[in-house]
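# Working through the structure, step by step
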Amino acid sequence: MIAVPLAGNGTNTTSVNALATLDTRVLPATLGKVPGVSYAVGGDTASNQDFSAQLDSRTPLVFAFVLGLAFLLLMVSFRSLAIPALSIGLNLLSVGAAYGVMTWIFQDGHLAGALGFTAYGGITPWLPLFMFVLLFGLSMDYHVFILSRIRELRLRGASAQAAVTDGITSSAGVVTSAAVIMVAVFSIFATLSEIEFKVFGVAMAVAVLIDATVVRGVLLPAGLVLLGDRAWTLSGRPRSERPNRRSEVEHGTVRANQNLILGRNGPDLG
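The rules behind these values
Residues numbered from 1 in each chain as written. Predicted model: local features only at pLDDT ≥ 70, side-chain atom pairs only at ≥ 80, totals over all residues. Heavy atoms only, no water. Axes fitted to C-alpha atoms, helices over the stretch in contact; angles between N-to-C directions. Helix = DSSP H or I, 4+ residues; strand = E, 2+ residues; numbered from the N terminus. Left-handed = near helix turned anticlockwise from the far one by under 90°. Contact = heavy atoms within 4.5 Å. Nonpolar A, V, L, I, M, F, W, Y, C, P; charged D, E, K, R; others polar. Buried < 20%, exposed > 50% of the residue type's maximum accessible area, 1.4 Å probe, protein only. Polar contact = N/O pair within 3.5 Å; in protein donor to acceptor, adjacent residues only side chain to side chain. Phe/Tyr/Trp six-rings, centres within 6.5 Å; stacked < 30°, edge-to-face > 60°. pLDDT = per-residue confidence, 0-100.

Between helix α2 (residues 44-78) and helix α3 (residues 82-107), the least distance of the axes is 8 Å, while the angle of their chain directions is 145 degrees. When the axes of α2 and α3 are compared, the crossing they make is right-handed. Contacts between α2 and α3 involve Phe 63, Leu 67, Phe 71, Leu 74, Met 75 and Phe 78 on the former and, on the latter, Ile 83, Pro 84, Ala 85, Ser 87, Ile 88, Leu 92 and Tyr 99. A class-by-class count of the residues in the contact of α2 with α3 yields 12 nonpolar, one polar and no charged.

Note on placement: Thr 233 falls in the loop between α7 (195-227) and α8 (245-265). The exposure class of Thr 233 is buried, given its relative accessible area of 6%. In terms of polar contacts, Thr 233 uses its side chain to reach the backbone carbonyl oxygen of Arg 230, at 3.4 Å.

Time to look at the packing of aromatic side chains. Throughout the structure, instances matching the rule amount to eight aromatic pairs. Seen from their ring centres, Trp 126 and Phe 130 are 5.8 Å apart, and the 75 degrees between their planes marks the pair as edge-to-face. Exposure remark for Trp 126: the relative accessible area of 35% places this residue in the partly exposed category. Using a relative accessible area of 42% as the deciding quantity, one classes Phe 130 as partly exposed. Geometrically, the ring pair formed by Phe 130 and Phe 200 is tilted, given 5.7 Å between the ring centres and 50 degrees between the ring planes. With a gap of 70 residues between them, Phe 130 in helix α5 (residues 127-155) and Phe 200 in helix α7 connect regions that are remote in the sequence. An aromatic cluster is present here, built from Trp 126, Phe 130, Phe 186, Phe 189, Phe 197 and Phe 200 joined pairwise through their rings.

With that settled, the discussion passes to the confidence of the model for the protein. For the protein, the mean per-residue pLDDT works out to 84, and 87% of the residues sit at or above 70. In this model residues 240-270 is a low-confidence stretch, pLDDT under 50, and it forms nine contacts with partners more than four residues away in sequence or in other chains.

Structure follows, in structure tokens:
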């Protein structure tokens, strides 16, 4: 083991550049010239750079997998292309809000005194990806619950606008209660001394609050109303107007009962 001191404080640009010089120029020109010798660079600076490089290469794959799987599941469940597209767009909006809050507070240093931390001009590298996966799963949970209620009303014959209005109204209490619980739980992390937990708690609490109010309470119903009947078809075209099957059955039952009554009241009871 050979200890090589690097310029800088270990994490700044000077140290990163020194590590790159050591790894790409010095070692290949020295140890790399010896046959049968293998080598690797260790230490805090090297491990941080390797972790960041691996995280950067895997993050697009995680995003693609989560978004692609969510799109397929929603498409199969609701027999629609517009629903999964709208859902993913709204979820990404919530994630973007969380990232914005995280950057504004902890990277830029706003509210440092109120929250009891000292900003160092950056964010822990693993937090954005971890928060994306967790927030996407949590928001999709009650998002599917809301969509299921609206779809039930549509299947019962309600118009697109009426189904959205009644579905949002009937599910608002459950969604609000779930959001209050999650915000309360995540807010506890903001009281901890570790900066990673504090960032996670504050960003998640604000993101859930925005997601349950602005996104699910305003943007989701607005988008569904604008899409109308197109939201509930795979082709993206509204279905032709026809009574739903339950309505046909009920209508047929009423008509049969009317005929039976007329037959009993008529002159010929046979």
